[in-house]
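Here is what each chain is made of, one letter per residue.
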Amino acid sequence: MTAVTGAAIEAAGLARSFGDVKAVDGVDLSIAKGAVFGLLGPDGAGKSTLIRMLATVLTPGAGDAAIEGFSVRRQPGKVTPLIGYMSQKFSLYPDLTVAENIEFFAKLRGVPADVRGPRMHQLLAGMGLDEFTDRQAGRLSGGMKQKLFLASVLMHEPDVLLLDEPTTGVDPVSRREFWRILAGLHRQGTTVLVATPYMDEAERCTDVAFLDGGRIRHRGSPAQIKALVPGRLFEVGAADPRAALAAVHGLPGLLAVHLYGDIVRVLTKADDPEPIRAWLAAAGITAEVTPVAVDMETAFAFLAELGAAA
């Protein structure tokens, strides 16, 4: 296949099955050079399988994809030097030090010996790991492990990063730091495809796609995805959030409802919070009802429910 001009990643009819399960089912996708593209979807949607095919780890069962114009099916040897791939599982060596891990993977990627040292120190300094070069990777915190993983992936200066939920299980401070690094790479023109379960991370992307059942159901900027959500969103604060959640079912004009921490989020056709307040009061629940703007968390929950009902 031939990549569209200006596209770093181009997929056409990309598919992969495992037995009777269609993990990825005919995905068409075009990602512009320099984009930070977020891949969203419930567990089992096919996000990891899609990324693994783009990374040439899995061979497509049907269709093809191109990275910077090179086919992942027919030219994997041309693709791998152009990409940096982070799997969900930390795959560096826990018994090697930070410096030894980076040195090892830089050699595998063919980074010249005279370049490895300066580039490693530059990357580690930018990630706040320069004081830990002699520490074993297995003794790093979760956030530090992921930054080390990213540093090793960046040693050969890839054009395209394929990141499969790189911050899952990482503390919020480390997640923000990780995304600060990605923002710097974006400014330098690196293309990033990142699967994420965190909707605050999705807000940071230039474009996002919602994958469900192995197919891309929706795609656009975060603002465009949020605009798909109809009605008005209200937050309900009550002493017993779960009782309020149960009571609000059956509310006339209700479009969706879900629990967000200790707040109940109600999506309704009504513009006025009073019908919600009155409905809960009739159920014996005193609640504060506040209109709020739709965010990616609500959009994700709404689109997931829509897909489940389809």
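Below, the structure is looked at part by part. (Residues numbered from 1 in each chain as written. Predicted model: local features only at pLDDT ≥ 70, side-chain atom pairs only at ≥ 80, totals over all residues. Heavy atoms only, no water.)

### Points about the overall build of the chain
When you go through the chain residue by residue, the secondary structure sums to eleven helices and 14 strands. Seen along its three principal axes, the alpha-carbon backbone of the chain occupies a region of about 75 × 45 × 35 Å. Classification of the 310 residues of the chain by burial places 47% in the buried group. Here the contacts in the chain between residues at least 6 apart in sequence split such that 68% fall between residues at least 24 apart. Counting every atom, the chain has about 14,200 Å² of accessible surface; 52% of that belongs to carbon and sulfur. Averaging the locations of the 31 positively and 35 negatively charged side chains of the chain gives two centres separated by 5 Å. (Helix = DSSP H or I, 4+ residues; strand = E, 2+ residues; numbered from the N terminus. Buried < 20%, exposed > 50% of the residue type's maximum accessible area, 1.4 Å probe, protein only. Contact = heavy atoms within 4.5 Å. Areas by Shrake-Rupley, 256 points an atom, 1.4 Å probe, with all protein chains shown as cover. Lys, Arg positive; Asp, Glu negative; His and termini not counted. Charge placed at Lys NZ, Arg CZ, Asp CG, Glu CD.)

### Observations concerning the sheet that holds strand β11 (residues 232-238)
Ordered in space as β12-β13-β11-β14, the four strands form an open sheet in which the pairing is antiparallel. Strands with a single pairing partner mark the edges of an open sheet, and in this sheet they are β12 (254-260) and β14 (287-292). Neighbour-to-neighbour, the strand axes of this sheet turn through a mean angle of 25°, independent of strand direction. Bridge analysis of β11 against strand β13 (residues 263-268) gives five bridges, and the strand direction is antiparallel. Directly across from F234, in β13, lies its bridge partner V266. Relative to β12, helix α9 (residues 241-248) is tilted by about 165°, and along the sheet it contacts β11, β12 and β13. Relative to β14, helix α10 (residues 274-282) is tilted by about 155°, and along the sheet it contacts β11, β13 and β14. (Pairing = 2+ DSSP bridges. Axes fitted to C-alpha atoms, helices over the stretch in contact; angles between N-to-C directions.)

### As for the layout of surface pockets
Of the voids in this model, the largest pocket is the one considered here, and its volume is about 430 Å³. If you go around the largest pocket, you meet 16 residues; those closest to its centre are Q122, L123, L154, L185 and Q188. Sorting the residues of the lining of the largest pocket by element identifies α4 (113-126) and α6 (172-187) as the ones contributing at least two each. Class assignment of the residues belonging to the lining of the largest pocket gives a composition of six nonpolar, six polar and four charged. In this structure, the second largest pocket encloses a volume near 330 Å³. Lining the second largest pocket we find 17 residues, and of these Y85, F105, R109, F149 and V153 sit closest to its centre. For the lining of the second largest pocket, the secondary structure elements donating two or more residues are β6 (83-86), α3 (98-108) and α5 (142-154). Within the lining of the second largest pocket, the residues separate by chemical class into nine nonpolar, seven polar and one charged. (1 Å grid on protein atoms, 1.4 Å probe; cavity = no way out; pocket = protein on both sides within 12 Å on 5 of 7 lines; lining within 4 Å. Points joined across faces, edges and corners; volume = space filled by probe spheres on them. Nonpolar A, V, L, I, M, F, W, Y, C, P; charged D, E, K, R; others polar.)

### Some words on the environment of G261
With respect to the element layout, G261 can be found in the loop between β12 and β13. Through-space distance from the C-alpha of G261 to that of P241 is 9.0 Å; in sequence the pair is 20 residues apart.

### Let's talk about the pairing of strand β10 (residues 215-220)
Bridging between strand β9 (residues 207-212) and β10 involves five bridges; their strand directions are antiparallel. Looking across to β10, one finds that V208 is bridged to G220. What sits between β9 and β10 in their antiparallel hairpin is a turn of two residues, with G213 showing a positive phi close to 60°.

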